Each structure stands twice: as C-alpha cells, then as structure tokens.
Amino acid sequence: MSVAAQREIPGGPFRSIEGRVSQLRIIDHATGVDRILLETPDLIEAPNWMPDGKAILLNGRGGMFRLGLEPAAALEPIDIGSVEDANNDHVISPDGRTLYISAGGAVYAVPIEGGEPRQLTPEGHTRYFLHGVSSDGLWLACTTIDMSSEAERWGIQRLPARGGEAQPLLLGARPVDGPEWSPDGRWIWFSGELEADVPGHAQIFRMRSDGSDIVRMVHGSAVDWFPHPSPNGQEIAFIRYPVGTTGHPPHRQVEIWHMVIADGAMTRLAAFCGGQGSLNVNSWSPDGRLLAYIAYPAVGVAE
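From a predicted model like this one, the values you see are computed outputs, not experimental measurements. (Residues numbered from 1 in each chain as written. Predicted model: local features only at pLDDT ≥ 70, side-chain atom pairs only at ≥ 80, totals over all residues. Heavy atoms only, no water.)

Caption draft 1: Region of interest: the overall build of the chain. Helix and strand content of the chain: zero helices and 23 strands. Its C-alpha atoms give the chain a radius of gyration of 18 Å, within 12% of the compact-globule value 19 Å for 303 residues. Summed over its atoms, the accessible surface of the chain is roughly 12900 Å², and 49% of this surface lies on carbon and sulfur atoms. Treating the 23 positive side-chain charges of the chain as one cloud and the 37 negative ones as another, the clouds have centres 3 Å apart. (Helix = DSSP H or I, 4+ residues; strand = E, 2+ residues; numbered from the N terminus. Rg over C-alpha atoms; globule rule 2.2 N^0.38 Å. Areas by Shrake-Rupley, 256 points an atom, 1.4 Å probe, with all protein chains shown as cover. Lys, Arg positive; Asp, Glu negative; His and termini not counted. Charge placed at Lys NZ, Arg CZ, Asp CG, Glu CD.)

Structure representation (structure tokens):
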C-alpha cells in the first residue's frame, strides 16, 4: 500500500485531532483494495470527487481544499472569500464549474476556481445544510431545521441552484438528513428517524423527487446514515453506526456498506474509526468504481 506522507494543512492554524490523524482513503468496491491518499494530524472531512475524476475536494479549518490525484499532489486551498466556517456539507455542480457550500446555517455558491461566495438561502429562522445537487444542476437538496417550530422542525427542501424560495418536500418533528438525488432525478435518498422506535435509530429511506411515496430501503437494528447513490444509479453506499448510537458523532467504530438497489444485496466495504466527517457527502468516483472516505485512527494504530 502506498501511503502519502503525513503533512499539515496549508494556511495557518487548523483544528487538530488530539491523539488521532485524518486519513483520506479510497476503496475499490469491486476488489476491496483500500489505500490511503493523504494522512495528516489535522482535521479534514467529507471528500467530494470532481466530475472529471482528477481531484478530490474536502473541507477543513473552515475552508475548502483541492487534492489532485497525481503522484505527490498537495492540498491546495480554494478561495471562499468572506466565508470562514464552511462545514462538511458541500457539493459540486455536475458541470464542475460551481462549488456549493454550507456555513452557519446558510448555503453559498462559489466558482470552483475560487472567489466571493453568493448566498443562496434567505435570512430567517430556518437553517440549511446542503447534501445533494440534481443531475441537471438546477436544484440543491438541503436538510433544514426550523428553529421556530416543533411540529415542522426537521425537513428536506429543494433550493434553486441560482437562489430563491425553497420548496418543502418533507417536514415533520422527526429528524431527517442527507438528501441526495438518484442520477435519473426520480428519487431522493435520505436518512432519518421516521420509523424509529427509540430516539436516534436512523434508517435509510427514499422518496420520489416531489416528496411522495416514502419507503424505507434498509432494515435492521443498526443506525444508518447518509446514503449515496452511485453514478449509474444501481447502488448506494452509506455509513453504519452501532446499535444505540444517537446522531452521527465522530470517533466511533463505524462501517461503510454497499447495497445493490435491485435486490437489496449488501456488502460491508470497510470498518474503521470515524463517523462525522467520514462520508457526509457523495464521494463516488465519476466511473462508479471508487469511494472516498476519511478515517480517524488513533496515533500508532494501524487500520
């Protein structure tokens, strides 16, 4: 296994992970080959693959970074202007020209080469967390939290990619998260507690793109988060927490699972220390062969 040299993130102070490192890894779901692209003592999160397959984007230190896949590539900061708290909810437009980021409960658009972001969401009592972009590039799928309502606190809404009024698809009192479109635009996959018997038991669901026909797609007692449809639309990958987990915390023993949608066949791809930040956004390679994720092993512990 070829391991990238341990390196610090450029650009000044960065939130470290005491006693741990961040490993940006890619796994071939067909062969099971799993290798490290980058290891750093700093906190990095949520890899996105560029549509051309030549680089991976990720967040850290409240900023965004690009890592080329050529040998000895280094992390390159992406200028996101006045936004200083970009989190692990970010996606790239299908044409590769626009980076959409979440920060402070708002969603922004910024040119992929960098620049001053444009806020797409309105000010108010609803917070937006970005997870998906439609294949035609016209819509963004967001988890929303309405701080003024108990009955409709949690939601999935679609937001025009150019900005404007959001359209609610699902609102309610039970947590939902991680909405992503299938490549054909017919479905939105998400995780949530819609059928939970105990608080925290998130499961995998999908619904039609208009919010109708909600169906649970994975059954079991484990806690499942962030389903990511593959580029061919025939598979999903998601992260699995142990029974009894509440939310999607960091630094837990978690697994990545692969499911064939047609017959529900399941395969465990990886087991590692991670969770929050590992697989929050879609990280399939454009050819659907590889999946990027981030592990957070303790220093000196091989995974």
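Still to come is the rest of the account.
Caption draft 2: Layout of the environment of Glu165. Looking at the secondary structure, you find Glu165 in the loop between β13 (154-160) and β14 (167-172). For the pair formed by Glu165 and Leu120, sequence separation is 45 residues and the distance between their alpha carbons is 9.1 Å.

Caption draft 3: How the structure looks around the sheet that holds β14. The antiparallel open sheet is built from four strands, whose spatial order is β11-β12-β13-β14. Looking at which strands have only one partner, the edges of the open sheet turn out to be β11 (126-133) and β14. The sheet shows a mean angle of 25 degrees between the axes of neighbouring strands, direction not considered. In this structure, strand β12 (residues 139-146) lies alongside β13, joined through seven bridges in antiparallel fashion. Paired with Ile145 across the strands is Trp154, a residue of β13. (Pairing = 2+ DSSP bridges. Axes fitted to C-alpha atoms, helices over the stretch in contact; angles between N-to-C directions.)

Caption draft 4: Seen up close, the sheet that holds strand β18 (residues 215-216). Spatial ordering of the open sheet is given by β15-β16-β17-β18, a layout of four strands whose pairing is antiparallel. Only two strands of the sheet have a single neighbouring strand rather than two, namely β15 (176-181) and β18. Both strand β17 (residues 203-208) and β18 contribute to a ladder of two bridges, which runs antiparallel. Considered in β18, the bridge of Arg206 is made with Val215.

Caption draft 5: A look at the pairing of strand β16 (residues 187-192). Across the six residues that make up β16, a large majority, six, are buried. Both β15 and β16 contribute to a ladder of four bridges, which runs antiparallel. Considered in β16, the bridge of Glu180 is made with Trp189. Of the pairings in the sheet, the one linking β16 to β17 comprises six bridges and is antiparallel in character. Directly across from Ile188, in β17, lies its bridge partner Met207. (Buried < 20%, exposed > 50% of the residue type's maximum accessible area, 1.4 Å probe, protein only.)

Caption draft 6: Inspection of the layout of surface pockets at higher detail. In this structure, the largest pocket spans a volume of roughly 570 Å³. In terms of lining, the largest pocket is formed by 24 residues, of which the most central are Ile92, Val133, Pro229, Pro231 and Asn282. Among the elements of the structure, β3 (45-49), β7 (86-92), β11 and β15 are those that each provide at least two residues to the lining of the largest pocket. Residue classes in the lining of the largest pocket are distributed as 13 nonpolar, ten polar and one charged. (1 Å grid on protein atoms, 1.4 Å probe; cavity = no way out; pocket = protein on both sides within 12 Å on 5 of 7 lines; lining within 4 Å. Points joined across faces, edges and corners; volume = space filled by probe spheres on them. Nonpolar A, V, L, I, M, F, W, Y, C, P; charged D, E, K, R; others polar.)

Caption draft 7: Representation of the environment of Met217. Following the sequence through the fold, Met217 ends up in the loop between β18 and β19 (223-229). Through-space distance from the C-alpha of Met217 to that of Leu169 is 18 Å; in sequence the pair is 48 residues apart. Filtering out sequence-adjacent residues up to four positions away, Met217 remains in contact with Trp189, Ile204, Phe205, Arg206 and Met259. (Contact = heavy atoms within 4.5 Å.)

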